[in-house]
Amino acid sequence: DKSDDLIQHTIDSNIPSLYQEEYSLNRDRVVETILHSRYANLYNLLRDHLSEDSYVAIVRNQILVDVQGEDLLFQIFTSNILQRKSGEEAPFFEFIQRVCSECMGADGC
């Protein structure tokens, strides 16, 4: 994954020599923690309802997520449209998609 490599390279090239040995021993865990931090708040809300790829896609695309029972609502808002002057109220579009949880129960459903 490019993200793993980029994070690892950035830390490798910036870590002070004083911490280099400890970092080298824990490199994988440090990189994993940084990668998880991209969607930590969202994960705290949704837990295992989504895969890691789904979490990353939601954050990357700036999608608002709401929970209704076991379903998720993905919401995307457009910028203002038909706005004559900056600062004036104007309409926008809101797109909503209901998505079933990706969480699997004990029976595989």
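How each quantity is defined
Residue numbers run consecutively from 1 along every chain, following the written order of its sequence. With pLDDT at 70 or above as the cut-off, local features in this predicted model cover only qualifying residues; side-chain atom pairs require 80 or more to be listed or tallied, and sums for whole chains, interfaces and linings still use all residues. With hydrogens and water excluded, all non-hydrogen atoms of the structure serve as input to the side-chain values. Counting from the N terminus, the helices are DSSP H or I runs at least four residues long and the strands are E runs at least two residues long. Only C-alpha atoms enter the radius of gyration, while the globule expectation follows 2.2 Å times N to the 0.38, with N the number of residues. When accessible area is computed with a 1.4 Å probe and restricted to protein chains, residues below 20% of their type maximum are described as buried, those above 50% as exposed, and intermediate ones as partly exposed. Only heavy atoms enter the contact rule, under which two residues are in contact if any of them lie within 4.5 Å. Two strands make a pair as long as DSSP finds a minimum of two bridges between them. Only C-alpha atoms enter the line fits that serve as axes; for helices the fit covers just the stretch in contact. Angles between N-to-C directions range over 0 to 180 degrees.

Some words on the overall build of the protein
Part 1 of the argument: Looking only at helices and strands, the protein has 4 helices and 3 strands in total.
Part 2 of the argument: Ordered by position from the N terminus, the helices and strands of the protein form the series α-α-α-α-β-β-β.
Part 3 of the argument: Taken against the 2.2 N^0.38 rule, which gives 13 Å for 109 residues, the C-alpha radius of gyration of the protein at 20 Å runs more than 25% over that of a compact globule.
Part 4 of the argument: Its C-alpha atoms put the protein at 55 × 50 × 20 Å along the principal axes.
Part 5 of the argument: Taken across its 109 residues, the protein has 21% of its residues classed as buried.

Structural notes on the environment of Val59
Part 1 of the argument: Position of Val59 among the secondary structure elements: in helix α4 (residues 52–60).
Part 2 of the argument: According to the relative accessible area criterion, Val59 is partly exposed, its value standing at 37%.
Part 3 of the argument: Through-space distance from the C-alpha of Val59 to that of Leu42 is 8.7 Å; in sequence the pair is 17 residues apart.
Part 4 of the argument: Discounting chain neighbours no more than four positions away, the residues touching Val59 are Arg38, Tyr39 and Leu42.

Comments concerning α4
Part 1 of the argument: Every buried residue of α4 is listed here: Ser54, Tyr55, Val56 and Ile58.
Part 2 of the argument: Looking at the buried positions of α4, the neighbouring elements they touch are α3 (40–46), β1 (64–68) and β2 (71–77).
Part 3 of the argument: After α4 finishes, the residue Gln62 shows a positive phi value of roughly 55°.

Notes on the sheet that holds β2
Part 1 of the argument: Read from one edge to the other, the open sheet built from 3 strands follows the order β1-β2-β3, with strand pairing classed as antiparallel. Every other strand in the sheet has two partners, leaving β1 and β3 (94–100) as the edge strands with one partner each. Taken pair by pair, the neighbouring strands of this sheet meet at an average axis angle of 25°, ignoring direction.
Part 2 of the argument: Looking at chain direction, β1 and β2 are connected through 5 bridges and run antiparallel. By the bridge assignment, Asp66 is partnered in β2 with Leu73.

Focus on the pairing of β2
Part 1 of the argument: The hairpin formed by β1 and β2 contains 2 residues between the paired strands, and Gly69 there has a positive phi angle of roughly 65°.
Part 2 of the argument: Note that β2 and β3 share 7 bridges and pair antiparallel. Within β3, the position partnered with Leu72 by the bridge is Val99.

Focus on unusual backbone geometry
Part 1 of the argument: If you check the backbone angles, Gln62 has positive phi at about 55° while not being a glycine.
Part 2 of the argument: Inspection of the secondary structure puts Gln62 in the loop between α4 and β1.
Part 3 of the argument: The exposure class of Gln62 is exposed, given its relative accessible area of 71%.
Part 4 of the argument: Despite not being glycine, Leu82 shows a phi value in the positive range, around 55°.
Part 5 of the argument: Structurally, the position occupied by Leu82 is in the loop between β2 and β3.
Part 6 of the argument: Classification of Leu82 by relative accessible area gives exposed; the value is 76%.

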